[in-house]
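# Close look at the chain arrangement
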Amino acid sequence: MAKDTCQICKYKSELWALEQFPIIPPEVTKSAGVKESRTVLLCCSCRQELEEWYLAKVSNVVYDTMIKRFREKSFLEMIKEYEYAYHSFAEYIKGAQRLRLRDVEIMAGVTRDTYDKGVLLPLPRLSGSWCSF
Ligand SMILES: [Zn+2]
């Protein structure tokens, strides 16, 4: 069966288990009148986590110091917001995997030399959530 790699966690999955996910939700690009955002191939754990990350990180209001009150963000501001949130999510997962890899190596007694070669294992995600397709 064909396999491909999740672009965030690098975990290999069957193709049917991966999904093209738009970095910026289509309703935002549509409202902003710009072309649809680029998509990334994600496993279901990353997709669910990214959706939760967006809910937690992306805000549609901003405190405007000019008018001294909160106002709704413009669509272009929202696009930047989503791009930034996606980038920070990718960095967060990469960092978490690196930490996990170091733990595995310490347990296995892997030498510093091996670590410097930068062997990054595609470790399965530790996700408690049930993925449904
Ligand atoms: Zn993934």
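Now for a look at the structure at hand. (Residues numbered from 1 in each chain as written. Predicted model: local features only at pLDDT ≥ 70, side-chain atom pairs only at ≥ 80, totals over all residues.)

### What to know about the overall build of the chain
What the chain contains, in helices and strands, is 4 helices and 6 strands. Overall, the chain shows an N-to-C arrangement of helices and strands of β-β-β-α-β-α-β-β-α-α. The proportion of buried residues among the 133 residues of the chain is 14%. Counted over contacts in the chain with a minimum sequence separation of 6, partners at least 24 positions apart contribute 54%. (Helix = DSSP H or I, 4+ residues; strand = E, 2+ residues; numbered from the N terminus. Buried ≥ 20, exposed ≤ 12 C-beta atoms within 10 Å, placed from the backbone. Contact = placed C-beta atoms within 7 Å.)

### Some points on the nonpolar core
Among the nonpolar cores identified, the biggest contains 9 residues, and these are C6, I8, C9, L18, L42, C43, C46, L50 and I93. Excluding anything up to four places from it in sequence, C43 contacts C6, C9, Y11, S13, A17 and L18. Counting 7 residues, the second-largest nonpolar core is a separate cluster that includes I79, Y82, A85 and Y86. (Core = buried A, V, L, I, M, F, W, Y, C linked by C-beta atoms within 7 Å.)

### Points about helix α2 (residues 44–57)
End to end, α2 covers 20 Å across 14 residues, agreeing with the expected 20 Å (1.5 Å per residue, within 8%). Buried within α2 we find S45, C46, E49 and L50. Considered in projection along α2, the buried side chains sweep an arc of 120° and stay on one side of the axis. Of the exposed residues in α2, the ones pointing more than 90 degrees away from its buried face are E52 and L55. (Expected span 1.5 Å × (residues − 1). Arc of directions from axis to C-beta.)

### Observations regarding the environment of S45
Along the chain, the position of S45 falls in helix α2. The sequence separation of S45 and L18 amounts to 27 residues, and the corresponding C-alpha distance is 9.7 Å.

Spatial relationships are all this shows, so hold off on functional conclusions.
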